[in-house]
Amino acid sequence: MKAIKTAGLGLGTRLVVGESAPPKPGPNDVLVDVKAASVNPKDWKLNRTAAILATPILTKRLPPLFGDDLAGEVRATGANVTDFKVGDKVYGMDMRPRTASLAEQAVIDEGCIAHMPKGLDFAEAASLPLAALTALQGLRIGQAMPGSEVLIIGASGGVGTLAVQIAKALGCHVTGVCSGRNRSRVTDLGADAVIDYTAGDFRRDSGPFDLVFDVTSYETPKSCAAILKPKGYFVSTGGNVRSVIAIRTSLSPRERGVIVRPLRRDLETLNEMIESGELKPIIDSRFPFAETQEAYNRSRSGRAQGKIVIMVGDVSGDGGER
Ligand SMILES: NC(=O)c1ccc[n+]([C@@H]2O[C@H](COP(=O)([O-])OP(=O)(O)OC[C@H]3O[C@@H](n4cnc5c(N)ncnc54)[C@H](OP(=O)(O)O)[C@@H]3O)[C@@H](O)[C@H]2O)c1
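None of the values given here were measured: they were computed from a predicted structure. (Residues numbered from 1 in each chain as written. Predicted model: local features only at pLDDT ≥ 70, side-chain atom pairs only at ≥ 80, totals over all residues. Heavy atoms only, no water.)

A. Here's a closer look at the packing of helix H3 (residues 129–141) against helix H4 (residues 158–169). Interhelical geometry of H3 versus H4 gives an angle of 50° and a closest axis separation of 8 Å. Classified by the angle their axes make, H3 and H4 are oblique. Where H3 crosses over H4, the handedness of that crossing is right-handed. From H3, Ala131, Ala132, Thr134, Ala135, Leu136 and Leu139 reach across to H4, where they touch Gly158, Val159, Leu162, Ala163, Ile166 and Ala167. (Axes fitted to C-alpha atoms, helices over the stretch in contact; angles between N-to-C directions. Helix = DSSP H or I, 4+ residues; strand = E, 2+ residues; numbered from the N terminus. Parallel < 35°, antiparallel > 145°, perpendicular 65-115°, else oblique. Left-handed = near helix turned anticlockwise from the far one by under 90°. Contact = heavy atoms within 4.5 Å.)

Printed below as a string of structure tokens:
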């Protein structure tokens, strides 16, 4: 089968389409014909770290497996799988290397997938799992509930566009922080207020909030302390060393990080939100499989307006159960 592999060494590595042996499902796995996958910043961050380490130490090729999110059709099921059958349209995520979704086929634990929500095509479904589960689980960690005043920093990106919609679906009053060019997009997602971070310090004259959800990972509990209510939560996606250290060294139970968990029941919650019209995928761009490197470059720019999707398999028939 065709799969994304690395070509070149260390920091000069490029992602290219190569040949790989098809994976075999274990007893709890399904084997999926992947139709679409999506890019998450974690992919290129880990790849970059591996490249830096590999250059001086190992001087060898990087691990050839990539991609966590997928949407596609079930081709085969393991002996213990009862909830999915061949031909089902599924979507999900798994961060273990054995699930490499940038390949024509991938194996994934049945606990990490759900049936695709009605009305979405494969690209739309593949854009959701990792980012939407991060948004849902982060909002829950921050005790988001009806009436909560929630600030979402990074409201125009992959996680942020979904966090705004999910927070609204949970009944929160939502303020989004984004640049001026994304103001109308974030308003259209349902945000009650939008702050342009390029026009000055977003903390000035804002708050106090019950929850500050930082999906840029640029902020810390300390930098947002002044805009939190006394019992307010600060939750970070912890996408860099500084934010991880700030969260890990905090003694407060209200200063937390979210580490996304691939849970079918949470995917099913997303399905309900999608099918009720409360949540829609926001796609920045779609790239052909052969242009995976370009898709990663787009993510690395830090300017994505929603999710970046890679079309892996034949999607001519469309996946959506419309
Ligand atoms: N812990 C976990 O399980 C987990 C899961 C998912 C993601 N993450 C991490 O969460 C972070 C966000 O992920 P993502 O997929 O949403 O990234 P993304 O899609 O690449 O985010 C891009 C967006 O960030 C906005 N942005 C950049 N600087 C900003 C700033 N100073 N203030 C407000 N918005 C800003 C950009 O808008 P402009 O162009 O207008 O600036 C752009 O729309 C990453 O660090 C990722 O690694 C962690």
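B. Structural view of the packing of aromatic side chains. For the structure shown, the criterion picks out 1 aromatic pair. Ring centres of phenylalanine 66 and tyrosine 296 lie 6.5 Å apart, and the angle between their planes is 90°; on these two criteria the pair is classed as edge-to-face. Placement of phenylalanine 66 in the loop between helix H1 (41–58) and strand E4 (69–77) and of tyrosine 296 in helix H8 (residues 292–300) is noted, with a sequence separation of 230 residues between them. Taking relative accessible area as the criterion, phenylalanine 66 reaches 9% and is therefore assigned buried. A relative accessible area of 1% means that tyrosine 296 is categorised as buried. For the cation-ring pair, lysine 45 lies above tryptophan 44, with the distance from its terminal atom to the ring centre recorded as 5.9 Å. Stacked on the ring of phenylalanine 202, the Lys or Arg arginine 203 has its end atom at 4.5 Å from the ring centre. (Phe/Tyr/Trp six-rings, centres within 6.5 Å; stacked < 30°, edge-to-face > 60°. Buried < 20%, exposed > 50% of the residue type's maximum accessible area, 1.4 Å probe, protein only. Lys NZ or Arg CZ within 6 Å of the ring centre and 35° of its normal.)

C. Seen up close, the domain arrangement of the protein. Here the protein is described as being made up of domain 1 (2–128 + 281–311) and domain 2 (131–257). At the junction of the two partners, domain 1 supplies 10 residues and domain 2 supplies 15 residues. Carbon and sulfur atoms make up 47% of the area that domain 1 and domain 2 hide from each other, which totals about 990 Å². Together, Leu128, Ile282 and Gln305 form the three largest contributors to the area buried by domain 1 at its contact with domain 2, with a combined 52%. At the surface where domain 1 touches domain 2, the tally comes to 0 salt bridges. On the surface where domain 1 and domain 2 come into contact, there are 6 residue pairs in polar contact (both at pLDDT 80 or more). (Domains from an automatic or database assignment. Buried area = accessible area lost by both parts, 1.4 Å probe. Salt bridge = Lys/Arg side-chain N within 4 Å of Asp/Glu carboxyl O. Polar contact = N/O pair within 3.5 Å; in protein donor to acceptor, adjacent residues only side chain to side chain.)

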